[in-house]
Amino acid sequence: MSKILHFYTTFDCLIKCDNNESLIKKEKITTFSFEKELFAVSFFPLDSAESFDAVIDLKTPKVTSSNSSIKLVDFKDETYLIQITAPKDTSPKPYSLNYKKINFGESTHEIIYSTFDATLFCLKCASDRMVLTNEKIIGEPTFKTNQNHLLFFAPTKENKYIFGQIDFVNKKYEKVLFQEVDQIDINQNQITTLKHLIETGHHTIKKIYNLKNFSVKTQLASKSSPDAVTKNELIPYAFCDAIKVKNYDLARKYLSSNLNEKLDDLHLSAFFGEFEDIFQNLKKDATPNEVALFYGKGQIKEAKIFNYELENNKIVNIYEE
């Protein structure tokens, strides 16, 4: 039975598979049919000199590639999605290393970083290192520590910041947080980060880190109103955007009064669980009111399909296929 494989990338690229070549346009779904369950694909981004390969196993399923951004999503019924974000530019660049020593955990650590394009990393000891980030940073990174916690951040070339946290717990170092944020404010007692999400709700996640006890408080704000989403085919996506960031007040504004009476926040949280991404249903018999949510950690994802019934721009029923 033929396997339906959809490709979705954030960059234009040429792919080669079984001596065949095809051009994939960025942010456009390109579909292929394969008889085999195991095959190799080569990707040639048009705006970069760096190509990469992937071995795709649809039976397991499994992806083996030097590009860790490749995700394989199983829609069931022999339908799959290969989702790829733009690869990092790994071409050599001139750099100079900088060194800083900090006290953290049970020892003094030497931070080695570059203000050009090199990796920023932390040495745990002479024979082992913990990579903090491989983002391209500019300017000096900042480190805040107490006995068991390390916070670090640095500006990037994209006018954003990388921000992370490492904890020393049970005699082990754990990288508990790493993210890209849009804004950082710091004073003597706290660090505040802002991250703008790209979705229909225009959400901003604000986190406040207390530098005395290293606790964190999260706040969520939305600049959007459900009145701005009037097309029936967009309402399920706007609803899922709100559920993903746990903005249940906004999510409820897309529901009918009958559903709002039946479902509380705990019901909504338990029904949808923790999902990573929102996408259209790629199965052959898909309808506009069906939305795919991607579940799972790492490169292999499972797509669960949710169907939405609407009346008068309100969701009146939701069920998983």
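Worth saying up front: this structure is predicted, and the values here are computed from it rather than measured.

(A) Here's a closer look at the overall build of the chain. The secondary structure content of the chain amounts to four helices and 25 strands. Accessible surface computed for the chain: about 17600 Å², of which carbon and sulfur atoms make up 48%.

(B) Representation of the pattern of salt bridges within the structure. Evaluated as defined, the whole model comprises 10 salt bridges. In this structure, Arg 252 engages Asp 265 in a salt bridge whose closest nitrogen and oxygen atoms are separated by 3.2 Å. Placement of Arg 252 in helix 2 (residues 248-252) and of Asp 265 in helix 4 (residues 265-272) is noted, with a sequence separation of 13 residues between them. Each of the salt bridges in this network shares a partner with another, and the network as a whole consists of Lys 3, Glu 37 and Glu 78.

(C) Structural detail: helix 4. The opening residue of helix 4 is Asp 264, an N-cap whose side-chain oxygen sits 3.1 Å from the backbone nitrogen of Leu 266. Positive backbone phi, approximately 65 degrees, marks Gly 273, located one or two places after helix 4.

(D) Geometry of the sheet that holds strand 3 (residues 20-24). With respect to topology, five strands assemble into an open sheet ordered 3-2-5-6-7, the strand pairing being antiparallel. Sheet topology places strand 3 and strand 7 (62-65) at the edges, where each strand pairs with a single neighbour. Direction aside, the axes of adjacent strands within the sheet are offset by 25 degrees on average.

(E) The nonpolar core, seen in detail. Phe 239, Ile 243, Tyr 254, Phe 272, Leu 293, Tyr 308 and Ile 315 are the most contacted members of the largest nonpolar core, which has 25 residues in total. Sorting the residues of this core by element identifies helix 1 (235-244), helix 2, helix 4, strand 23 (290-295), strand 24 (300-311) and strand 25 (314-320) as the ones contributing at least two each. With six residues, helix 1 is the single largest residue contributor to this core. With 22 residues, the next largest nonpolar core counts Cys 17, Phe 52, Ile 70 and Tyr 80 among its residues.

(F) Here's a closer look at the packing of aromatic side chains. Scanning the model with the defined rule gives 16 aromatic pairs in all. With 4.3 Å between their ring centres and 5 degrees between their planes, Phe 34 and Phe 39 make a pair best called stacked. Each member of the pair, Phe 34 as well as Phe 39, carries the same accessibility label: buried. Measuring from centroid to centroid gives 5.1 Å for Phe 272 and Phe 306, while their planes differ by 40 degrees, and the two rings are tilted.

(G) Structural view of the sheet that holds strand 17 (residues 172-181). Read across the sheet, four strands follow the order 14-15-16-17 without closing on themselves; strand pairing throughout is antiparallel. Both outer strands of the open sheet, strand 14 (142-145) and strand 17, are each paired with one neighbouring strand and no more. Mean inter-strand twist for the sheet, computed between neighbouring axes without regard to direction, equals 15 degrees. Pairing of strand 15 (residues 149-155) with strand 16 (residues 161-169), which is carried by seven bridges, proceeds in the antiparallel orientation. When the bridges of strand 16 are listed, Ala 154 appears paired with Ile 162.

(H) Focus on the environment of Ser 256. Mapping Ser 256 onto the fold places it in the loop between helix 2 and helix 3 (257-262). Residue Ser 256 is classed as buried on the basis of its relative accessible area of 12%. With 60 residues separating them along the chain, Ser 256 and Val 316 place their C-alpha atoms 5.4 Å apart. Apart from residues no more than four positions distant in its own chain, Ser 256 is found in contact with Lys 314, Ile 315 and Val 316.

(I) Local environment of helix 1. Among the 10 residues of helix 1, eight are classified as buried, and the element is accordingly described as predominantly covered. Inspection of helix 1 places Ile 235, Pro 236, Ala 238, Phe 239, Cys 240, Asp 241, Ala 242 and Ile 243 among the buried residues, and these make up the whole buried set. Positioned one or two residues after helix 1, Lys 246 has a phi angle of 60 degrees, which is positive.

(J) Empty space enclosed by the protein, seen in detail. This model, assessed by the stated rule, comprises one cavity of 30 Å³ or more. Lining the largest cavity are Ile 243, Lys 244, Lys 246, Gly 273, Glu 274 and Phe 275. Each residue belonging to the lining of the largest cavity can be placed in one class, and the counts come to two nonpolar, one polar and three charged.

(K) Structural detail: the confidence of the model for the chain. Across the chain, the average pLDDT comes to 81, with 81% of residues at or above 70. Here residues 90-95 scores under 50 on pLDDT; set against residues more than four positions off or in separate chains, the count is seven contacts. Predicted confidence is poor over residues 116-128, with pLDDT under 50, and the contacts of this stretch with residues over four places away or in other chains come to 48 contacts.

About the cut-offs
- Every chain's residues receive numbers from 1 upward, in the order its sequence appears when written.
- Thresholds applied to this predicted model are a pLDDT of at least 70 for local features of residues and 80 or more for the giving and counting of side-chain atom pairs; totals over whole chains, interfaces and linings are not thresholded and use all residues.
- With hydrogens and water excluded, all non-hydrogen atoms of the structure serve as input to the side-chain values.
- Only DSSP runs of H or I covering at least 4 residues are called helices, and only runs of E covering at least 2 are called strands; the numbering of each starts at the N terminus.
- Only the protein chains shown count as cover for residues, with accessible areas throughout obtained via the Shrake-Rupley method and a probe of 1.4 Å.
- Put simply, a salt bridge is a Lys or Arg side-chain nitrogen that is within 4 Å of an Asp or Glu carboxyl oxygen.
- N or O atoms within 3.5 Å of each other form a polar contact, as long as, within protein, one can give a hydrogen and the other can take it, and as long as residues adjacent in sequence are counted only when both atoms are side-chain atoms.
- Should DSSP find at least two bridges between two strands, the strands are regarded as paired.
- In this description, a line fitted to the C-alpha atoms serves as the axis of each element, helices being fitted only across the stretch in contact, and the angle between N-to-C directions of two axes falls anywhere from 0 to 180 degrees.
- Take the buried Ala, Val, Leu, Ile, Met, Phe, Trp, Tyr and Cys residues and link them wherever side-chain atoms come within 4.5 Å; each set so joined is a nonpolar core.
- Summary of the burial criterion: residues with accessible area below 20% of their type's maximum are buried, those above 50% are exposed, and those between are partly exposed, where the area comes from a 1.4 Å probe applied to protein chains only.
- Aromatic rings from Phe, Tyr and Trp, taking only the six-membered ring of Trp, are treated as a pair when their centres fall within 6.5 Å; an angle between ring planes under 30 degrees marks them as stacked, one over 60 as edge-to-face, and anything in between as tilted.
- We call two residues in contact whenever any of their non-hydrogen atoms come within 4.5 Å of each other.
- Note on definitions: the grid is 1 Å and covers protein atoms alone; a cavity is a set of points where a 1.4 Å probe fits but cannot get out; a pocket is an open set with protein on both sides within 12 Å along at least five of seven lines; lining residues have an atom within 4 Å of a point.
- Grid points are joined across faces, edges and corners, and a volume is the space filled by probe spheres set on the points.
- Throughout, the ten residues Ala, Val, Leu, Ile, Met, Phe, Trp, Tyr, Cys and Pro are labelled nonpolar, Asp, Glu, Lys and Arg are labelled charged, and all others, Gly among them, are labelled polar.
- As a per-residue measure, pLDDT reflects the predictor's confidence and takes values from 0 up to 100.

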